[in-house]
Amino acid sequence: MTVLADTMTMFRNLRFALSSAWQSFWRNLAVSMAAVLSITLILILGGVNLLVGHAFSQVLDGFRDKVSVISINVADDTPLASVYDFQQQLSNDPRVASVKFITKDQALAAFTADPNNAVLAQQLDGNPLDAKLEVRVRNLSDVASIDTLGRQWSGVDPTNPTNYQGDFVKRMLELSQWLGYAGAGLLVILVVVSVVIVMNTIRTAVYHRRKEIEVMKLVGATEWFVRGPFVIEGVMTGLIAASIALTLLVIAYPPAVQQFRNDIAFIPLSYDPSFIASLARDLLLGGALMGAVGSYIGVRRFVRL
Amino acid sequence: MVLTPDFDSRPVISFQHVWKTYPTGTEALRDINLVVPEGDFLFLVGPSGAGKSTLVRLLIREEKPSKGKIFVDGVELGRMKRRKLPFYRRKIGLVFQDFKLLPNLTVYENVAFALRVLGEPDRLVHSRAAEALDTVGLAGKEQTYPSNLSGGEQQRVAIARALVHAPSMIIADEPTGNLDPATAWEIMQLFLRINARGATVVMATHNREIVDLLRRRVVAIDAGQIARDDRSGRYHDDVSKSQIRAQ
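Here we summarise the structure given alongside this text. (Residues numbered from 1 in each chain as written. Chains lettered and ligands numbered in written order. Predicted model: local features only at pLDDT ≥ 70, side-chain atom pairs only at ≥ 80, totals over all residues.)

## Considering the overall build of chain B
Then, number 1: Each helix and strand in chain B was counted, giving seven helices and 10 strands.
Then, number 2: Classification of the 247 residues of chain B by burial places 45% in the buried group.
Then, number 3: Residue pairs at least 24 apart in sequence account for 68% of intrachain contacts in chain B once pairs closer than 6 positions are excluded. (Helix = DSSP H or I, 4+ residues; strand = E, 2+ residues; numbered from the N terminus. Buried ≥ 20, exposed ≤ 12 C-beta atoms within 10 Å, placed from the backbone. Contact = placed C-beta atoms within 7 Å.)

Written out as structure tokens, the structure reads:
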């Protein structure tokens with residue numbers, strides 16, 4: 001019975017907190033809108049960071065996919081058994097994801113099928129292309145060691161052992177690392193700035209209502225009874241801000257990608273509608289959390305009995 | 001009819017050698033010893049800055065004593081844990097000079113608020129709030145906002161809020177300070193009715209006329225000390241009256 005009564009009281013308190021938060025949001029609309037605006041701006045910055053990060057990671061993934069495949073060219077006089085042995089050896093290597101043997105004929109067929117090589121293909125006499133082992137490595141940083149392994153193999157074409165471009169892979173790895181650092185750094189700065197701004201905005205909103213809080217405490221409201229409506233209002237503010245930020249970002253995303261592609265054509269940035277769901281989840285969660293934490297901290301000074 | 005406090009009743013408030021010194025070094029209260037029996041109606045009088053409001057703040061546990069002990073209903077306020085404080089305040093009704101109403105809430109919502117805090121069901125909140133507003137003569141003004149009421153009406157709302165949860169004790173700090181004499185008298189009638197129902201009333205006031213008219217217990221505070229404690233006193237000292245020292 002006591003448990004039931006406690007549950008009922010809790011339910012009533014929650015309902016009261018919800019309705020108080022709703023009323024107070026509309027009754028203090030000017031202050032509420034200031035909070036919504038500041039959270040919206042922060043979320044737009046955060047959202048842009050996420051979108052840019054996602055776009056670059058897509059580009060990087062594309063590059064990574066290409067450079068994580070290394071071709072080991074097979075000398076024409078290498079016996080097939082030796083090739084199969086080496087293929088087997090590579091397949092058993094934990095650094096290797098897959099190995100594919102491409103015969104000379106297959107290599108030629110692929111070469112001539114590429115429209116970019118149309119003119120060159122007509123001038124070919126015989127088949128100058130090597131047979132090759134196309135090795136896909138699990139980790140980009142292992143490409144170099146697989147290249148070394150390939151070069152040491154007795155069946156490799158000594159004039160043109162592999163297609164490995166060490167510098168390019170190294171730069172890719174460095175770029176990917178730096179972009180990761182930059183994204184994380186930007187995110188940390190955004191989080192710190194946003195917490196400070198949101199906390200102060202909400203503290204100002206709470207300061208306007210300090211008398212209300214004083215009365216609540218005097219009639220015997222618990223700290224959580226006072227805090228509850230403010231935290232819920234903070235969540236509401238955050239969700240409204242997130243919705244506005246999301247709408248603006250969704251509208252601006254495709255033209256921004258198009259503009260980028262027009263301006264910097266060599267970076268194959270692409271519009272990814274499937275990312276919007278994850279962006280929406282992150283923004284709504286971020287907004288709600290920001291509002292809740294900002295309110296919790298902002299109201300603390302006035303709530304303590 | 002003048003009711004005489006029954007000093008044989010159970011003491012609900014007890015100050016034992018209470019001192020209050022603020023961090024600035026100001027001694028607001030010095031060695032206060034005071035017992036308030038159940039059902040008492042007590043006026044705290046004295047000049048501004050004498051320590052009346054400090055005493056009230058100690059009683060509602062907005063402040064802690066620097067020395068000494070304060071017991072209310074057998075509980076020592078100085079040792080009360082922070083999380084217990086809301087539950088203590090729910091047992092008392094508070095009325096202030098500046099009414100302390102929530103301007104964004106209607107008259108009804110202001111009164112109901114004291115019950116919402118308790119998590120009472122809607123039906124009970126509604127009936128009790130209506131009853132309290134009826135008691136203070138504000139039935140029909142439920143949906144009015146405080147800013148549209150006169151000072152006297154706002155104080156009535158505050159009193160309705162203070163008594164809606166049927167507290168055993170009402171603490172009032174200058175409740176008639178902002179009111180004209182006629183309205184102040186009407187408000188005092190309300191306090192008398194609440195007291196007649198059995199609630200203990202402690203009221204800090206500057207209103208000489210009311211204190212002299214009602215002839216209730218008067219505790220005069222001067223320079224942080226109890227200067228006199230008259231069972232049926234007046235605002236100013238009158239040596240011809242019988243005096244008691246409730247120590």
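Moving on from the coordinates now.
## A closer look at the interface of chain B and chain A
Then, number 1: Listed by partner, the interface residues are 17 residues for chain B and 14 residues for chain A.
Then, number 2: Only α2 (85-89) and α3 (107-116) of chain B provide two or more residues apiece to the side of chain B that touches chain A.
Then, number 3: Top contributing element to the side of chain B that touches chain A by residue count: α2(B), with four residues.
Then, number 4: Looking at side-chain class alone, the side of chain B that touches chain A contains nine nonpolar, two polar and six charged residues. (Nonpolar A, V, L, I, M, F, W, Y, C, P; charged D, E, K, R; others polar.)

## Considerations on the sheet that holds strand β6 (residues 92-96) of chain B
Residues and elements named next belong to chain B.
Then, number 1: Across the sheet, which stays open at both edges, the six strands sit in the order β6-β7-β8-β3-β9-β10 with mixed pairing between neighbours. The open sheet has two free edges, formed respectively by β6 and β10 (225-230), since each of these has just one partner strand. Averaged over all pairs of adjacent strands, the angle between their axes in this sheet comes to 15 degrees, without regard to strand direction.
Then, number 2: Sheet topology note: the strand β7 (residues 169-173)/strand β8 (residues 200-204) ladder contains five bridges and is parallel. Considered in β8, the bridge of Met-169 is made with Thr-200. (Pairing = 2+ DSSP bridges. Axes fitted to C-alpha atoms, helices over the stretch in contact; angles between N-to-C directions.)

## Thoughts on unusual backbone geometry
Residues and elements named next belong to chain B.
Then, number 1: Positive phi, normally seen in glycine, also occurs at Asp-73, with a value near 55 degrees.
Then, number 2: Judged by the 15 C-beta atoms lying within 10 Å of it, Asp-73 is partly exposed.
Then, number 3: At Glu-174, a position not held by glycine, the phi torsion is positive, near 50 degrees.
Then, number 4: Considering the arrangement of structural elements, one finds Glu-174 in the loop between β7 and α6 (181-196).

## Some words on the packing of helix α2 (residues 29-67) of chain A against helix α10 (residues 275-303) of chain A
Residue and element names in this part refer to chain A.
Then, number 1: It is at 10 Å that the axes of α2 and α10 come closest, and there the two elements cross at 145 degrees. When you trace α2 past α10, the crossing you get is right-handed. In this structure, α2 uses Ile-39, Leu-43, Gly-46, Gly-47, Leu-50, Leu-51 and His-54 to contact α10, whose residues at the interface are Phe-275, Leu-279, Asp-282, Leu-283, Gly-286, Gly-287, Met-290 and Gly-291. (Left-handed = near helix turned anticlockwise from the far one by under 90°.)

## Thoughts on the nonpolar core
Then, number 1: Counting 112 residues, the largest nonpolar core has Leu44(B), Val111(B), Ala160(B) and Ile170(B) as its most contacted members.
Then, number 2: Of the residues forming this core, the biggest block, 12 residues, is contributed by helix α9 (residues 223-263) of chain A.
Then, number 3: Apart from the residues lying within four places of it in its own chain, the contact partners of Val111(B) are Ala129(B), Ala132(B), Leu133(B), Val157(B), Ala160(B), Arg161(B) and Val164(B). (Core = buried A, V, L, I, M, F, W, Y, C linked by C-beta atoms within 7 Å.)

## With respect to α9(A)
Then, number 1: When the terminal C-alpha atoms of α9(A) are compared, their 56 Å separation across 41 residues agrees well with the 60 Å that a helix rising 1.5 Å per residue should span.
Then, number 2: Its axis deflected by about 35 degrees at Tyr253(A), α9(A) carries its strongest bend there, up to four residues before the proline Pro254(A). (Expected span 1.5 Å × (residues − 1). Bend = angle between axes of the 7 residues up to and from the residue.)

## Digging into the sheet that holds strand β3 (residues 131-137) of chain A
Residues and elements named next belong to chain A.
Then, number 1: Pairing in this open sheet of three strands is antiparallel, and the strands run β1-β3-β2 from one edge to the other. The open sheet has two edge strands, β1 (69-74) and β2 (96-102), and neither has a second partner. Across the sheet, the axes of successive neighbouring strands diverge by a mean angle of 20 degrees, strand direction being ignored.
Then, number 2: By the bridge criterion, six bridges tie β1 to β3 in an arrangement that is antiparallel.

## Regarding the packing of helix α1 (residues 2-27) of chain A against α9(A)
All names here are of chain A.
Then, number 1: Viewed as axis vectors pointing N to C, α1 and α9 meet at an angle of 55 degrees, and their least axial separation amounts to 8 Å. One finds that α1 runs oblique with respect to α9. The two elements α1 and α9 cross, and the hand of that crossing is right-handed. Residues Asn-13, Ala-17, Leu-18, Ser-20, Ala-21, Ser-24 and Phe-25 of α1 form the contact with α9, whose own contacting residues are Phe-225, Gly-228, Pro-229, Ile-232, Glu-233 and Met-236.
Then, number 2: Each residue belonging to the contact of α1 with α9 can be placed in one class, and the counts come to eight nonpolar, four polar and one charged. (Parallel < 35°, antiparallel > 145°, perpendicular 65-115°, else oblique.)

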